[in-house]
Amino acid sequence: MLSFHEISFWKTKEKRLLNMESAKKVILTGMQPTGKLHLGGLLGATNNWQKMLDDYDCLFFLADQHAITMPYVPAELRKNTLDCVAQYIACGLDPERCKIFLQSHVIGHAELMWILGCITPIGQLERMTQFKDKSSKVGESVCSGLLYYPVLMMADILLYNAHLVPIGEDQKQHLEITRDIAQKFNNAYSETFVLPEPYIGETGARIMSLQNPAAKMSKSDKNQNAVVHITDSDDVIRKKIIGAVTDSDSKISFDQKNKPGIANLLNIYAAATDQSIEKSIAQFADLTNYAPFKRAVADAVIAKISPIRNKYLTIANDREYLLSVLRAGKEEAQKRANKMMAKIYRKVGFLID
Ligand code: ADP
Ligand code: TRP
């Protein structure tokens, strides 16, 4: 039998180990479950997070509450949500090494949004580029949820005191306003929130459309030849890349202004093979026409996507498994959210029973 001193020695050691675990910095990101993941999201987002699973305390959630800020069909949202879980796991978000959950499953995101909204000037929200873009498309009927979108995003991040937030370029402004309001809260109510840093990968941050290299690759593109989905077959991927719009020159160089199509393919190649743009350019410097370059880009993208697609196909219909991943994620996230919300409610002056 262990003596009292031995028990207390082991307890202290265990506590120290647990503290070491929780001392890992929190990295958090979210994505809207609005459809099929494409090469842009894969190279711009999931590729980068995967590299962080070992070094950070990783939280990943699907922003289903954000997804209802634009017109949508409820049954599709429900279906897409589970499908997205399968796609992200297939992309390397290992549920054993990170928490995966749904925004709507955790009580706290919407509550914290309200509190942060009470210190966020409305003018700042009206100036957000994404709000201006999206509301100009919707016109008069623009909902207030769209205006409040960045406040919900602040809540998502601050609820877990995330240090690092991997995002695409398009979300940078939302991170800036999050830091602003977090600082404002800290000044008003005492130090509470970590000021989160954006993480934008070096390559892949902005993958452009294969048919119009001036526009971002996006799932909502009407021309589906412009977008490579992670569920596309090898043949379809090859066809799309070979058919990518380039220019009439034949030299491979990285010139975003004059050769945007080639610059985009170089960016894709570099991100897919996990090497620098410089190294990628050097590899193709001697070519005198684009065909072998395009074939090499197609091979690199296929090598990247085909294991992901195969993994996706094995888990996509395993509803029980996918739900069990979400349940485990929710349990952990809710524990953290409860702790944070209790602290925040106390600070803002709500009566705690
Ligand atoms: P879409 O623009 O197709 O609707 P989402 O808005 O769902 O894509 O974006 C999901 C994630 O992938 C975000 O983190 C976003 O910044 C990133 N992302 C989307 N498109 C691209 C792209 N073309 N290049 C790099 N990253 C992208
Ligand atoms: N707005 C992000 C997007 O559309 C998704 C998102 C919601 C998010 N909350 C977040 C990303 C918090 C990072 C952190 O891509």
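Residues numbered from 1 in each chain as written. Chains lettered and ligands numbered in written order. Predicted model: local features only at pLDDT ≥ 70, side-chain atom pairs only at ≥ 80, totals over all residues. Heavy atoms only, no water.

What am I meant to see in the overall build of the chain here?
Regarding its fold elements, the chain presents 14 helices and five strands. At 23 Å, the chain has a C-alpha radius of gyration in line with the 20 Å of a compact globule built from 353 residues. Reported as C-alpha extents along the three principal axes, the dimensions of the chain are approximately 75 × 65 × 40 Å. Relative to its 353 residues, the chain shows a buried fraction of 47%. Across the chain, the 44 positively charged side chains and the 39 negatively charged ones have centroids separated by 1 Å. (Helix = DSSP H or I, 4+ residues; strand = E, 2+ residues; numbered from the N terminus. Rg over C-alpha atoms; globule rule 2.2 N^0.38 Å. Buried < 20%, exposed > 50% of the residue type's maximum accessible area, 1.4 Å probe, protein only. Lys, Arg positive; Asp, Glu negative; His and termini not counted. Charge placed at Lys NZ, Arg CZ, Asp CG, Glu CD.)

Can you help me understand the pairing of strand β1 (residues 26-31) in this one?
On any regular strand, side chains alternate: one points to one face of the sheet, the next to the other face. Within β1, five of the six residues are buried, which leaves it mostly tucked inside the rest of the structure. Alignment of β1 against strand β2 (residues 57-62), held across six bridges, turns out to be parallel. In the sheet register, G30 faces β2, and the bridge partner there is F61. Where the polypeptide runs from β1 across helix α2 (residues 39-50) and back to β2, its parallel neighbour, the crossover connection is right-handed. (Pairing = 2+ DSSP bridges. Right-handed = clockwise from strand over helix to strand, strands pointing away.)

I would appreciate a short explanation of the site of ligand 2 in the present structure.
As a structural note, the neighbourhood of ligand 2 is formed by 14 residues, with G30, H66, Y149, D156 and Q171 the closest of them. The side chain of Q32 places a nitrogen or oxygen atom 3.3 Å from an oxygen atom of ligand 2. Take Y149: an N or O atom from its side chain is 2.6 Å from a nitrogen atom of ligand 2. In isolation ligand 2 offers 370 Å² of accessible surface; the protein chains occlude 90% of this area. When grouped by side-chain class, the residues that make up the shell around ligand 2 number eight nonpolar, five polar and one charged. (Near = heavy atom within 4 Å. Polar contact = N/O pair within 3.5 Å; in protein donor to acceptor, adjacent residues only side chain to side chain. Areas by Shrake-Rupley, 256 points an atom, 1.4 Å probe, with all protein chains shown as cover. Nonpolar A, V, L, I, M, F, W, Y, C, P; charged D, E, K, R; others polar.)

Quick question: what am I supposed to make of the site of ligand 1 here?
The local shell around ligand 1 holds 15 residues, among which H38, D170, I207, K216 and K219 are the closest. At 2.9 Å from an oxygen atom of ligand 1 is found a side-chain nitrogen or oxygen belonging to D170. In this structure, a nitrogen atom belonging to ligand 1 sits 2.6 Å away from a main-chain N or O atom of I207. Contact with the protein chains covers 86% of the free accessible surface of ligand 1, which is 540 Å². For the shell around ligand 1, the element with the most residues is α2, which contributes three residues. Class assignment of the residues belonging to the shell around ligand 1 gives a composition of four nonpolar, seven polar and four charged.

So what exactly am I meant to see when it comes to unusual backbone geometry here?
Negative phi values dominate among residues other than glycine, just as trans dominates among peptide bonds. Phi is positive for N161, which is not a glycine, with a value near 45°. Checked against the element boundaries, N161 lands in the loop between α8 (144-158) and β4 (164-166). The phi dihedral of S190 falls on the positive side, at around 90°, and the residue is not glycine. With respect to the element layout, S190 can be found in the loop between α9 (172-189) and β5 (197-199).

Which parts of the structure should I look at to understand the packing of aromatic side chains?
For any pair of aromatic rings, geometry is given as the distance between the ring centres together with the angle between the planes. A complete count under the given rule lists eight aromatic pairs for this structure. Between F185 and Y189 the ring centres are 4.6 Å apart and the planes differ by 40°, which places this aromatic pair in the tilted class. Here F185 pairs with Y189, and both are found in helix α9, just four residues apart, close to one helical turn. Considering the side-chain rings of F284 and F293, the 4.9 Å spacing of their centres and the 70° angle between planes classify their relative orientation as edge-to-face. The exposure classification of F284 matches that of F293, with both residues buried. Linked through ring pairs, F61, F101 and Y160 together constitute an aromatic cluster. (Phe/Tyr/Trp six-rings, centres within 6.5 Å; stacked < 30°, edge-to-face > 60°.)

Looking at this structure, I do not really get the pattern of salt bridges. What am I missing?
Should the charged atoms of two oppositely charged side chains come close, the side chains can pair. In this structure the tally under the stated criterion is twelve salt bridges. The salt bridge involving K259 is made with D249; its shortest N-O contact spans 2.9 Å. Linking K259 in the loop between α10 (234-242) and α11 (260-273) with D249 in the loop between α10 and α11, this pair joins segments that are ten residues apart in sequence. Ionic pairing is found between K335 and E332, a salt bridge with its closest N-O pair at 3.7 Å. Here E332 and K335 lie together in helix α14 (residues 319-348), a separation of three residues that amounts to about one turn. Overall, K335 belongs to the exposed group, its relative accessible area being 54%. (Salt bridge = Lys/Arg side-chain N within 4 Å of Asp/Glu carboxyl O.)

I tried to follow the environment of R327 on my own but got confused; where do I start?
The topology assignment puts R327 in helix α14. For R327 and I100, which are 227 residues apart along the polypeptide, the C-alpha to C-alpha distance reads 8.7 Å.

What is the right way to read α10 from this model?
Within an α-helix, residues lying three or four positions from one another point in the same direction, as the helix has 3.6 residues per turn. Those residues of α10 that sit buried are I237, K240 and I241. Take α10 and look down its axis: the buried residues cluster within an arc of 95°, on one side only. In α10, the exposed residues that point more than 90 degrees away from the buried face are D235 and K239. On its buried face, α10 is in contact with α11 and α13 (291-315). (Arc of directions from axis to C-beta. Contact = heavy atoms within 4.5 Å.)

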